[in-house]
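Notes for the structure review
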Amino acid sequence: MSVQAWKMPTRTQAAGFWLRTRLLAILRSAHNWRSPRARRWVADEALATAPIRAQLCTSLWADSSPEEFMLTAGKVHNLRIAAKAFDGLVVPAGERLSFWRQLGRPTAARGYVRGREVRAGCVVPTLAGGICQISNALATCAVRAGFELVERHAHSARIESTAEEGDRVDATVFWNYVDLQIRAPVAWRLELKLTSDELVLTIRAQDVARRHPGTDSGLLPRIPRQATESVQVMRSCMSCEEVRCFRHQPLSRGSQARSAWLLDGWTQEFHDWLNTQDGVADCLLPVTTQQLPGWFLRRGLIDDGKGWGSLASVVNAHVIQFGWASLRRAWWLRRHARDSGRRQASVLDGQRWLAEVCARRLRPEHTHLVIDQGLLPYLQQLGVLGGRTYDVLAHALPMDEIQRRLDQAAGSRVMGKHGDATLKDFRAATDLMRAEIEAMQGARKVVTAHVEVAGYWRQRSGLDVRQLPWAMPAATIPRVPRAMDAMPLVVFPASALARKGAYELAEALRGLPCRLRVLGSVSADTALWQGVAVEYGNYADDWLARADAVVLPAHVEHSPRALLAALAAGIPVIATPACGMQDMAGVRLVPAGEVGALRAALQTLLDRAR
């Protein structure tokens with residue numbers, strides 16, 4: 001449509017358009033009911049490793065102007081929702097894929113918002129606008145793969161100001177009578193992903209499609225495109241100066257990109273780092289411990305640290321808390337606190353509930369996220385990360401690596417049947433572990449204080465990793481001198497669990513002249529501490545004042561707060577690299593599972609203590 005051809009739309013034209021579209025939608029529904037030729041296909045792992053027959057990457061944000069930011073952000077939001085209906089589906093040979101039958105009607109109830117739509121030579125705000133970027137990419141890839149376009153309709157005008165590549169296919173859609181339907185003589189798989197700035201559509205098939213009649217290349221004849229000289233930059237209702245038009249909307253000055261911080265467990269390191277971040281941000285948080293009834297705090301089920309509350313003082317930061325999900329999680333964790341076979345699963349359940357609340361609270365203008373690692377895989381599965389950049393606050397190794405290490409430790413000779421069983425407490429679904437890896441690989445930056453976690457992601461993915469220094473607590477407890485006839489006290493700052501190295505520690509301590517104080521829960525294995533002078537305590541007693549050494553030979557440990565407190569008090573520490581405290585003064589590292597090295601390190605410290 002040329003510039004000269006544009007005419008100001010009228011309300012009469014708009015009313016006529018509305019009536020025509022409703023009538024045509026009714027007629028198409030009746031036609032589909034009488035002779036259904038397409039069905040809705042489901043996601044399947046079939047053909048997941050088949051060769052790629054066509055692939056197209058299209059920009060999500062490049063064609064946006066500042067005035068149209070909200071429409072473009074709405075478009076990307078709509079693409080996130082629509083992509084979930086197409087990603088992973090498999091279409092059998094000879095069957096049709098209908099765009100609308102697959103997607104369903106895009107309504108506000110399903111989460112769609114206003115995006116961009118070309119109508120009568122203008123870019124107008126409309127519900128679910130922008131999803132034709134999928135139909136364009138799908139039609140283009142179908143032609144490149146040699147498939148048949150059973151039904152296709154071109155846009156009446158184009159948004160882009162420059163000509164596209166010659167083999168791009170223009171395919172618009174409008175519920176439900178303007179459809180895109182594709183058929184192929186071979187079974188094929190469709191994959192649709194949104195990166196931070198691109199929509200990536202891929203078609204896979206084991207067999208190459210048969211050549212279409214009348215072609216030599218195996219592709220359908222190229223569909224003629226509009227002449228370059230007729231292409232224009234469309235007028236937009238968000239920036240058009242034609243104030244007499246009934247569609248004219250004043251430019252909203254408050255519409256701008258925002259960040260969202262999706263936070264969970266508080267740590268001083270992450271708190272300090274977030275306070276250095278600039279820009280407009282919304283902080284989505286669970287309720288703080290001070291807001292929960294006291295019975296939720298029993299047994300340390302919820303971190304009773306400072307919490308994220310002081311982030312409200314950050315310039316341009318707006319704190320949004322979700323209470324019911326936090327209360328539900330706290331109750332769930334308390335219910336399963338003593339159930340070793342269900343404890344870890346309850347932690348994952350709580351993270352999933354919080355992630356679902358966060359996903360509902362995110363708005364199209366949230367273009368950058370800061371995400372707690374525990375929420376990350378669920379947000380990936382919910383499809384809210386596409387079209388956004390995000391940083392990850394990483395406090396742990398990935399779940400698949402944790403399970404690998406625990407399985408490896410289960411083969412140790414010092415583990416009894418009970419020890420092997422407790423190492424299998426940590427288990428996650430395969431799809432959840434895969435989602436965590438995929439999401440981490442798409443992160444703009446990984447932020448962590450844990451040395452081993454930082455090294456893991458640097459070596460395996462080449463991510464930009466920001467390693468923070470551990471925040472040392474203040475040493476406020478004075479030391480209590482040990483009586484001359486008393487044996488040195490070794491403190492084990494954890495529950496007596498196999499993954500914390502309890503079995504290796506028990507084996508190393510047998511025969512050594514010392515006492516052992518366990519700060520966590522008692523082991524169900526009555527034979528664990530045989531031959532060891534063991535006593536039990538808790539983190540609130542005087543262990544920092546009396547300990548001669550603090551030992552944590554853990555296979556997995558991501559929050560070494562007790563070890564940091566010991567270092568601040570001047571107490572020597574023995575730990576494994578899994579504790580993430582490499583190169584810290586006062587820490588002696590021993591390999592996880594090496595009883596001989598652990599016993600030698602203990603003997604050295606006890607000789608000094610005596």
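Residues numbered from 1 in each chain as written. Predicted model: local features only at pLDDT ≥ 70, side-chain atom pairs only at ≥ 80, totals over all residues. Heavy atoms only, no water.

1. Brief notes about the overall build of the chain
Going by this rule: A run of DSSP states H or I qualifies as a helix once it reaches four residues; a run of E qualifies as a strand once it reaches two. Both are numbered from the N-terminal end. Here's how the labels work: a residue is buried when its accessible area is under 20% of the maximum for its type, exposed when over 50%, partly exposed in between, all with a 1.4 Å probe on protein chains only. Contacts between residues were defined by any pair of non-hydrogen atoms, one from each residue, lying within 4.5 Å. For the area figures, the Shrake-Rupley method with a 1.4 Å probe applies, and any residue is considered shielded solely by the protein chains shown.
Helix and strand content of the chain: 16 helices and 23 strands. Taking all 610 residues of the chain together, 52% fall into the buried category. Put simply, 70% of the contacts in the chain that link residues at least 6 apart link residues at least 24 apart. Total accessible area on the chain is roughly 28,200 Å²; 52% of this is exposed by carbon and sulfur atoms.

2. Focus: the environment of alanine 50
With respect to the helices, strands and loops of the structure, alanine 50 is situated in the loop between helix 1 (11-34) and strand 1 (52-59). Distance from alanine 50 to arginine 189, taken between C-alpha atoms, is 8.5 Å for residues 139 residues apart in sequence. Leave out the neighbours within four places in its chain, and alanine 50 touches Arg204, Ala205 and Gln206.

3. Some words on the sheet that holds strand 16 (residues 445-448)
The line we're drawing: For two strands to be treated as a pair, DSSP must find at least two bridges joining them. Working convention: axes come from line fits to C-alpha atoms, limited for helices to the stretch in contact. Angles between N-to-C directions cover 0 to 180 degrees.
Across the sheet, seven strands lie side by side as 13-12-11-14-15-16-17; this open sheet has parallel pairing. Each of the sheet's edge strands pairs with one partner strand only, and the pair in question is strand 13 (317-322) and strand 17 (465-467). Neighbour to neighbour, the strand axes of the sheet diverge by 20° on average, direction disregarded. Examined bridge by bridge, strand 16 and strand 17 share three bridges and lie parallel to one another. Residue pairing for strand 17: threonine 448 is matched across the bridge by glutamine 467.

4. Regarding the confidence of the model for the chain
Just so we agree on the cut-off: The predictor reports its confidence for every residue as pLDDT, a score running from 0 up to 100.
On average, the chain scores 83 in pLDDT, and the residues at 70 or more come to 82%. Every residue in residues 212-232 is under pLDDT 50, and counting partners more than four places away or in other chains gives 40 contacts.

5. Section: the packing of aromatic side chains
Rule in force here: A pair of aromatic rings is counted whenever rings of Phe, Tyr or Trp (Trp by its six-membered ring) have centres within 6.5 Å, and the orientation is called stacked for planes under 30 degrees apart, edge-to-face for over 60 and tilted otherwise. In this scheme, Lys NZ or Arg CZ marks a charge over a ring once it lies within 6 Å of the ring centre and within 35 degrees of the ring normal.
Using the criterion set out here, one finds ten aromatic pairs in the structure. Each ring, one from phenylalanine 99 and one from tryptophan 100, has its centre 5.2 Å from the other, and the planes form 90°; the classification is edge-to-face. What makes phenylalanine 99 buried here is its relative accessible area of 1%. We classify tryptophan 100 as buried; its relative accessible area is 6%. Arranged with centres 5.6 Å apart and planes meeting at 45°, the rings of tryptophan 331 and tryptophan 332 form a pair that is tilted. One aromatic cluster is present, formed by Phe86, Phe99, Trp100 and Trp175 through successive ring pairs. The ring of tryptophan 353 has arginine 328 lying over it, and the distance from NZ or CZ to the ring centre is 3.6 Å.

6. Observations concerning the packing of helix 6 (residues 323-335) against helix 7 (residues 343-361)
Spelled out, the test is: Should an angle lie under 35 degrees it is considered roughly parallel, over 145 roughly antiparallel, and from 65 to 115 roughly perpendicular; all remaining angles are considered oblique. Residues were grouped as follows: Ala, Val, Leu, Ile, Met, Phe, Trp, Tyr, Cys and Pro as nonpolar; Asp, Glu, Lys and Arg as charged; and all remaining residues, including Gly, as polar.
Look at helix 6 against helix 7: their axes get within 9 Å of each other, and the N-to-C directions meet at 175°. Here helix 6 lies roughly antiparallel to helix 7, going by the angle between them. Note on element contacts: helix 7 touches helix 6 through Ser346, Val347, Asp349, Gly350, Gln351, Trp353, Leu354 and Val357, opposite Ala325, Ser326, Arg328, Arg329, Trp332 and Leu333. Residue composition of the contact of helix 6 with helix 7, by class: seven nonpolar, four polar and three charged.

7. Observations concerning the nonpolar core
Test applied: Note on terminology: a nonpolar core comprises buried Ala, Val, Leu, Ile, Met, Phe, Trp, Tyr and Cys residues joined through side-chain atoms within 4.5 Å.
Counting residues in each nonpolar core, the largest one holds 114 residues, and the members touching the most others are Leu262, Trp529 and Leu602. The contact partners of leucine 262, leaving out residues within four places of it in the chain, are Leu284, Cys358, Leu362, Leu369, Val370, Ile371, Asp372, Leu375 and Leu379.

8. Describing helix 9 (residues 399-409)
Listed as buried for helix 9 are Met399, Glu401, Ile402, Gln403, Arg405, Leu406 and Ala409. On its buried face, helix 9 sits against helix 7, helix 8 (376-382), helix 11 (430-441) and helix 12 (451-461).

9. Thoughts on unusual backbone geometry
Following tryptophan 175, the chain continues into asparagine 176 via a peptide bond in cis, with omega recorded as -20°. As for its placement among the helices and strands, asparagine 176 is situated in the loop between strand 6 (148-151) and strand 7 (181-183). Positive phi values are uncommon outside glycine, yet alanine 128 reaches one of about 65°. Within the secondary structure, alanine 128 is located in the loop between strand 5 (122-127) and helix 4 (132-144). On the basis of relative accessibility, which here comes to 5%, the residue alanine 128 falls in the buried class. We note that aspartate 583 has phi near 65°; this positive angle belongs to a residue other than glycine. Inspection of the secondary structure puts aspartate 583 in the loop between strand 22 (573-575) and strand 23 (587-589). Aspartate 583 gets classed as exposed once you look at its relative accessible area, which sits at 82%.

10. Observations regarding the sheet that holds strand 3 (residues 96-98)
What the three strands build is an open sheet, ordered 3-7-6; its pairing is antiparallel. Both outer strands of the open sheet, strand 3 and strand 6, are each paired with one neighbouring strand and no more. For this sheet, the mean angle separating the axes of adjacent strands, direction not counted, is 30°. Where strand 6 lies against strand 7, three bridges are found, and the strand directions are antiparallel. From the neighbouring strand, glutamate 151 faces strand 7, where its bridge partner is glutamine 181. Set on the sheet, helix 4 makes contact with strand 3, strand 6 and strand 7; between it and strand 6 the angle comes to about 135°.

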